[in-house]
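A look at the structure
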Amino acid sequence: QVQLVESGGGLVQAGDSLRLSCAASGRTFSTYTMAWFRQAPGKEREFVAAISRSGDSIHYADSVKGRFTISRDNAKNTVTLQMSSLKPEDTAVYYCAGRGEVRWYEDKTKERTYDNWGQGTQVTVSS
């Protein structure tokens, strides 16, 4: 069990960049697969990106591939989502999530496989 807190959201123009951070407390962070999800008003929560325990495996949703980069620093207990070339359709609340008992090969795009969630941070991209 870890506690997750997101930060870095804000209001930006289309084409701008933004960096989101997720700070984790606890001693088990390095054993957790970590991910970012997002949810726009009136829509289901959707997968954005995931990174394995050691950081050597990464998976992105097609909608953000080539624009977003996920990374982690296990020494600092942090996960980062670097977002570039932002579009209005990227507007959503972004959530940091973790799972400690599920292996990487299990479907990492399903929110039901994650049991630790942050409070979310709002990202708004204007046209």
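As a reminder, the structure under discussion sits directly above these lines.
None of the values given here were measured: they were computed from a predicted structure.

Turning our attention to the pattern of salt bridges. For the structure shown, the criterion picks out 4 salt bridges. One salt bridge in this structure joins E46 and R38, with 2.7 Å as the shortest N-O distance. D90 is the salt-bridge partner of R67, the closest N and O atoms lying 2.8 Å from each other. Pair noted here: R67 is in the loop between strand 6 (58-60) and strand 7 (68-73) and D90 is in the loop between strand 8 (78-83) and strand 9 (92-99), with a separation of 23 residues, a long-range link. The pair formed by R67 and D90 is uniform in burial state, with each residue classed as buried. Within the structure, one salt-bridge network assembled from shared partners comprises R38, E46, R67 and D90.

Burial of the side chains of strand 7 is restricted to one face: F68, I70 and R72 are buried, whereas none of T69, S71 and D73 on the reverse face is. As paired elements, strand 7 and strand 8 share 6 bridges and run antiparallel to each other. Residue pairing across strands places I70 opposite L81, the latter belonging to strand 8. Hairpin connection between strand 7 and strand 8: a loop of 4 residues separates the two successive antiparallel strands, and N77 in this loop has a positive phi of roughly 55°.

The next thing to look at is the sheet that holds strand 7. In spatial order, the strands read 1-3-8-7; together these 4 strands make up an open sheet with antiparallel pairing. Only two strands of the sheet have a single partner each, and these edge strands are strand 1 (3-7) and strand 7. Pairwise comparison of adjacent strand axes, ignoring direction, gives a mean angle of 15° for this sheet.

Reading guide: rules and limits
- Residues numbered from 1 in each chain as written.
- Predicted model: local features only at pLDDT ≥ 70, side-chain atom pairs only at ≥ 80, totals over all residues.
- Heavy atoms only, no water.
- Salt bridge = Lys/Arg side-chain N within 4 Å of Asp/Glu carboxyl O.
- Helix = DSSP H or I, 4+ residues; strand = E, 2+ residues; numbered from the N terminus.
- Buried < 20%, exposed > 50% of the residue type's maximum accessible area, 1.4 Å probe, protein only.
- Pairing = 2+ DSSP bridges.
- Axes fitted to C-alpha atoms, helices over the stretch in contact; angles between N-to-C directions.

From the geometry alone we can't say anything about function, so treat these as descriptive.
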